[in-house]
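# Remarks on the overall topology
What follows is each chain in one-letter form.
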Amino acid sequence: MPEGDTLWRTAAALRDRILGSTCRDVRPSTFARLIGQNVTGVEPYGKHLLITFDSGLALHSHLGMRGAWYVHRPGEALTRPEQEVTAMLTFDDWIVALYLGKVTELIAGNSRIRHLGPDILAEVFDVDTVGMRARADPVRAIGEVLLNQAVVAGIGNVYKCESLWAESTDPWKPVGEIDHTQLCRIYSTARRMMLDSALGQDRRNHVHGRAGRPCLRCSHIIRARNQGNPPRLTYWCPHCQTSPG
Ligand SMILES: [Zn+2]
């Protein structure tokens, strides 16, 4: 089954070839509105892929269990059998084709999927993909990245602080300096805490709102400082949140 890293590679490969190009032909004909439009972006969202056009329309596809995108030169033989073609877009220099895709549809470019990452509380949560997307801006601090709704939708300031404390991670650490496993652990912890909360389980804050009081793990003093733009108050223990990853 294709995973998020596959989608990232696929998106990059398609982007390299068709970004800025004009769509000349389509299959099936239900996508005919794309003819004459220019590609403005190719973006993965979890296991979804969006090819966006200058009209504001986007071709949304999901690979499902067996789907895959391929690129051809015009005139080349197809990579897979004709009957497996789910969608095909022809450009001057390239043909891109999705075989055995699960979903293909035209959506408005301002659709929700374009702006938000996967919901932190979604039933199926691909933390591996989230971990990779979080690293897209490697110099940004993890305390800011956790609030970036384009990476994951739904984490707020409390769970930002609490998940970083639980995973002993420095909120000011650039996300590019945190290894993938640790990043995934942070997101998984935030999700678990939020699911517990959504299910009504009692929980108390370990670090959020506790500036000036002793850390519950190491007894050093909790600090608070604004972080990001717009600024949000980050609570952390400078002594024991040292980013083991
Ligand atoms: Zn501490």
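Residues numbered from 1 in each chain as written. Predicted model: local features only at pLDDT ≥ 70, side-chain atom pairs only at ≥ 80, totals over all residues. Heavy atoms only, no water.

### Section: the nonpolar core
- Core analysis: the biggest nonpolar cluster contains 23 residues, and L34, I51, W69 and L89 have the highest contact counts within it.
- Breaking this core down by element, the ones donating at least two residues are helix 1 (4–18), strand 2 (39–45), strand 3 (48–53), strand 4 (57–62), strand 6 (85–90) and strand 7 (95–99).
- A per-element tally of this core places helix 1 first, with four residues.
- If sequence neighbours within four positions are ignored, L34 has contacts with C23, V26, F53, L57, L59, L89 and L106.
- Counting 22 residues, the second largest nonpolar core, distinct from the first, contains F125, A134, L146 and M194. (Core = buried A, V, L, I, M, F, W, Y, C linked by side-chain atoms within 4.5 Å. Buried < 20%, exposed > 50% of the residue type's maximum accessible area, 1.4 Å probe, protein only. Helix = DSSP H or I, 4+ residues; strand = E, 2+ residues; numbered from the N terminus. Contact = heavy atoms within 4.5 Å.)

### Notes on helix 6 (residues 180–198)
- For helix 6, which comprises 19 residues, the first-to-last C-alpha distance of 27 Å matches the rise-based estimate of 27 Å (1.5 Å per residue) to within 8%.
- Among all positions in helix 6, only Q182, L183, C184, I186, Y187, T189, A190, R191, M193 and M194 are buried.
- A distance of 3.2 Å separates the backbone nitrogen of T181 from a side-chain oxygen at the start of helix 6, and that oxygen is part of D179.
- Two residues or fewer after helix 6 comes G200, characterised by a positive phi angle close to 85°. (Expected span 1.5 Å × (residues − 1). Polar contact = N/O pair within 3.5 Å; in protein donor to acceptor, adjacent residues only side chain to side chain.)

### A word on the coordination of the zinc ion
- Coordination of the zinc ion by the protein comes from C215 (SG), C218 (SG), C237 (SG) and C240 (SG), over a distance range of 2.2 to 2.3 Å.
- Here the zinc ion is ringed by four donor atoms whose angles at the metal span 97 to 118°, and the overall shape comes out tetrahedral.
- Spacing between the donor residues of the zinc ion along the chain follows C-x2-C-x18-C-x2-C. Taken as a pair, C215 in the loop between helix 6 and strand 9 (223–227) and C240 in the segment after strand 10 (232–236) lie far apart in primary sequence, 25 residues in all. When sorted by exposure, C215 lands in the same class as C240, which is buried. (Donors = N, O, S within 2.8 Å, 3.2 Å for Na, K, Ca; no water. Tetrahedral: all angles 85-135°; square planar, octahedral: opposite > 155°, others 65-115°.)

### Concerning the sheet that holds strand 6
- Here we have four strands laid out as an open sheet, ordered 1-6-7-5, and antiparallel in their pairing. Of all the strands in the sheet, just strand 1 (25–27) and strand 5 (68–72) have a single pairing partner and so form its edges. Shown here is a sheet whose adjacent strand axes are inclined to one another by a mean of 10°, direction ignored.
- In the sheet, strand 6 pairs with strand 7 via five bridges, with the strands oriented antiparallel. Pairing of T90 across the sheet is with I95, part of strand 7. (Pairing = 2+ DSSP bridges. Axes fitted to C-alpha atoms, helices over the stretch in contact; angles between N-to-C directions.)

### So, the packing of aromatic side chains
- Considering all chains together, one arrives at two aromatic pairs under this definition.
- A ring pair is formed by Y70 and Y99, whose centres lie 5.5 Å apart and whose planes are at 75°; its orientation type is edge-to-face. On the criterion of sequence distance, the pair formed by Y70 in strand 5 and Y99 in strand 7 is long-range, its members being 29 residues apart.
- The partly exposed category is assigned to Y70, whose relative accessible area is 28%.
- Residue placement shows R225 over the ring face of W172; its charged tip is 4.6 Å from the ring centre. (Phe/Tyr/Trp six-rings, centres within 6.5 Å; stacked < 30°, edge-to-face > 60°. Lys NZ or Arg CZ within 6 Å of the ring centre and 35° of its normal.)

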